[in-house]
Amino acid sequence: MNILITGGAGFIGSAVIRYLINETKHNILNVDKLTYAGNLESLAAVANNPRYHFCQADICDKNHLIQLFNNFQPDAVMHLAAESHVDRSISSSAEFIQTNIVGTFQLLEASRHYWNSLSKEKQSLFRFHHISTDEVYGDLNNSATELFTEVTPYAPSSPYSASKASSDHLVRAWYRTYGLPVIITNCSNNYGPYHFPEKLIPLTILNAMQGKKLPVYGNGEQIRDWLYVEDHARALYVVVTKAKAGETYNIGGHNEQKNIDVVKDICSLLDELVPNKTFGITSYKELITFIPDRPGHDVRYAIDATKIKRDLNWVPQESFQSGLRKTVLWYLNNQEWVNRILTGEYQKWIQKQYQS
Ligand code: NAD
Ligand code: DAU
């Protein structure tokens, strides 16, 4: 297959591309604008593979997309490009509306334009796979055992989740109205290597390593359902190759954790792995600092992943304990990646890549 992936230089997109290049024979075109969150270094291990191609492009630019579709002739689109950070959406939402809603609309239109030109057989095999979030469902009660299913009503809380919910609605409308063969997946919180250090887990690891405060919003009792990013990448591959058009799948790790416990677990791992601290503390837990809560903070997310297990035989392979240890070790062993991001060296690195 020729698979066009948007947002392939991001955290999850790069995991998907590494998986597809290493584990399958498919050809990949990575279409990414390279915002602050896009990082081609995350793809260094596969960048020289002849089945991997990259084009810097904005998904809001429909004409450029049409050109890319005509040249690459994709059998499937996996749409991951988005503005993804909830806190940024609260302080400045315009880019979220632009990329997540308008960008998805332009990508749907470019796909439809291209899809209309295909033979009937190719049309029926084509898939537009929209990668979305469990945040579209709003939140669950902290003390209840209820889970998000594929029919849970949408009730997004933040500008980010509202923009993702809007894009889900557009994708479903393009299926119902135009017959474009779409699939939507809604996944819980991912964690693992190459995660941008604005999100809770990498931020906690990196702050602790520098003896900085570990910010926990509110009382830290909020719950997230964590999934190792490589389990998500495998799930997305199963879905794009096996799911029927029009289907929705929830993806999650059956792994609910309170934020405060996640932060404490990271501190315990670091106490074991990096015992010699130079900041006058005996445990990294002493750096934990409760700060004012995120406005509109969702209380609890938890996914019922029964459908994807039943229909497509996908289950997560990584436990939270082993996945978190791998993640902490990855950040400890990849200081160069981290430093380049933190110091802005990344931009210089990219320019050099383009020149060579
Ligand atoms: P990310 O922020 O790490 O990466 C997003 C990528 O999209 C970056 O490479 C960026 O350069 C690119 N991009 C942004 N705007 C673009 C534009 N206008 N045109 C082209 N490229 C653009 O995000 P992520 O965490 O990898 O998330 C990927 C997708 O998965 C998103 O759609 C997100 O909503 C969804 N998702 C994420 C999680 C999670 O826990 N991270 C969970 C469920 C769903
Ligand atoms: O549920 C899926 C979503 O998970 C994805 O759709 C989003 O793209 C992704 O960013 C993630 O959203 P969250 O807001 O849940 O992730 P984040 O890492 O920002 O925060 C996780 C939890 O930790 C959340 O309850 C807020 C809290 N938090 C976060 C940060 C950055 C803190 O307590 N302190 C922090 O410094």
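As the structure is a prediction and not an experimental result, all values here were calculated from the model. (Residues numbered from 1 in each chain as written. Chains lettered and ligands numbered in written order. Predicted model: local features only at pLDDT ≥ 70, side-chain atom pairs only at ≥ 80, totals over all residues. Heavy atoms only, no water.)

(A) Geometry of the pairing of strand S2 (residues 27-32). Burial analysis of S2 places five of its six residues in the buried class, which makes it a mostly covered element. Pairing of strand S1 (residues 2-6) with S2, which is carried by five bridges, proceeds in the parallel orientation. Each bridged residue has a counterpart across the sheet, and for Ile5 the counterpart in S2 is Asn30. Of the crossover connections in this fold, the one passing from S1 over helix H1 (residues 11-23) to the parallel S2 is right-handed. Pairing between S2 and strand S3 (residues 52-56): five bridges, direction parallel. Counted as the bridge partner of Leu29 is His53 from S3. (Buried < 20%, exposed > 50% of the residue type's maximum accessible area, 1.4 Å probe, protein only. Helix = DSSP H or I, 4+ residues; strand = E, 2+ residues; numbered from the N terminus. Pairing = 2+ DSSP bridges. Right-handed = clockwise from strand over helix to strand, strands pointing away.)

(B) Molecular detail of the packing of H1 against helix H8 (residues 229-242). In contact at an axis separation of 9 Å, H1 and H8 are set at 65° when each is read in the N-to-C sense. For the element pair H1 and H8, the recorded crossing hand is right-handed. Every residue of H8 that contacts H1 at Phe11, Ile12, Ala15, Val16, Tyr19 and Leu20 is listed here: Val229, His232, Ala233, Arg234, Leu236 and Tyr237. Taken together, the residues of the contact of H1 with H8 sort by class into 10 nonpolar, one polar and one charged. (Axes fitted to C-alpha atoms, helices over the stretch in contact; angles between N-to-C directions. Left-handed = near helix turned anticlockwise from the far one by under 90°. Contact = heavy atoms within 4.5 Å. Nonpolar A, V, L, I, M, F, W, Y, C, P; charged D, E, K, R; others polar.)

(C) Representation of the site of ligand 1 within the structure. The environment of ligand 1 is made up of 28 residues, and the closest members are Ile12, Asp32, Ser84, Tyr160 and Lys164. Here an oxygen atom of ligand 1 sits 3.0 Å away from a polar atom, N or O, in the main chain of Gly10. Within the backbone of Leu34, an N or O atom sits 3.4 Å from an oxygen atom of ligand 1. Considering ligand 1 on its own, with 840 Å² of exposed area, one finds that the protein chains cover 96% of that surface. When contributions to the shell around ligand 1 are tallied by element, the ones reaching two or more residues are H1, strand S5 (127-133) and helix H6 (159-178). The element best represented in the shell around ligand 1 is S5, accounting for three residues. Looking at the shell around ligand 1 residue by residue, the classes come out as 13 nonpolar, 11 polar and four charged. (Near = heavy atom within 4 Å. Polar contact = N/O pair within 3.5 Å; in protein donor to acceptor, adjacent residues only side chain to side chain. Areas by Shrake-Rupley, 256 points an atom, 1.4 Å probe, with all protein chains shown as cover.)

(D) Spotlight on the nonpolar core. Counting 48 residues, the largest nonpolar core has Ile5, Met78 and Ile308 as its most contacted members. Where this core is concerned, the elements lending two or more residues are S1, H1, strand S4 (76-79), strand S6 (182-187), H8, strand S11 (248-251), helix H10 (306-312) and helix H13 (345-355). Broken down by element, the residue count for this core peaks at eight residues, all from H8. In this structure, Ile308 is in contact with Ala235, Val239, Tyr249, Asn250, Ile251, Asn313 and Trp314, ignoring residues within four places of it in sequence. Tyr191, Phe196, Ile201 and Ala208 belong to the second-largest nonpolar core, a separate cluster that totals 32 residues. (Core = buried A, V, L, I, M, F, W, Y, C linked by side-chain atoms within 4.5 Å.)

(E) Spotlight on the site of ligand 2. Inspection of the region around ligand 2 gives 22 residues, with Thr133, Asp134, Tyr160, Arg294 and His297 positioned closest. Arg224 places a side-chain nitrogen or oxygen 2.9 Å from an oxygen atom of ligand 2. At 2.6 Å, a side-chain N or O of Arg294 approaches an oxygen atom of ligand 2. For ligand 2, whose unbound accessible area comes to 690 Å², protein coverage reaches 93%. Of all elements in the fold, only helix H7 (200-209) and strand S8 (214-217) reach the threshold of two or more residues within the shell around ligand 2. No other element matches the three residues that S8 contributes to the shell around ligand 2. Residues of the shell around ligand 2, tallied by class, amount to nine nonpolar, seven polar and six charged.

(F) Focus on the sheet that holds S5. Pairing within the open sheet is parallel, and its seven strands lie in the order S3-S2-S1-S4-S5-S6-S11. The open sheet has two edge strands with one neighbour each: S3 and S11. If you compare each strand with its neighbour and ignore which way they point, the axes differ by 20° on average. Pairing geometry for S4 and S5, over four bridges, is parallel.

(G) Quick look at the packing of aromatic side chains. Enumeration according to the criterion identifies 18 aromatic pairs in this entry. Considering the side-chain rings of Tyr191 and Tyr228, the 5.5 Å spacing of their centres and the 70° angle between planes classify their relative orientation as edge-to-face. Of this pair, Tyr191 sits in strand S7 (residues 190-191) while Tyr228 sits in strand S10 (residues 227-228); the two residues are 37 residues apart in sequence, bridging distant segments of the chain. Members of the aromatic cluster, joined through ring pairs, are Tyr137, Phe148, Tyr154 and Tyr301. (Phe/Tyr/Trp six-rings, centres within 6.5 Å; stacked < 30°, edge-to-face > 60°.)

(H) Layout of the environment of Thr133. For Thr133, the location among the structural elements is in strand S5. Once you skip the residues sitting within four places of it in the chain, Thr133 turns out to touch Tyr160, Lys164, Thr185, Asn186 and Cys187. A distance of 3.4 Å separates polar atoms of two side chains, one belonging to Thr133 and the other to Asp134.

(I) Structural detail: the packing of helix H11 (residues 320-333) against helix H12 (residues 335-343). Direction vectors running N to C along H11 and H12 enclose 70°, while the axes themselves pass 5 Å from each other. Relative to H12, the element H11 is oriented roughly perpendicular. On H12, the residues that touch Trp330, Tyr331, Leu332 and Asn333 of H11 are Gln335, Trp337 and Val338. Here the contact of H11 with H12 is composed, by residue class, of five nonpolar, two polar and no charged. (Parallel < 35°, antiparallel > 145°, perpendicular 65-115°, else oblique.)

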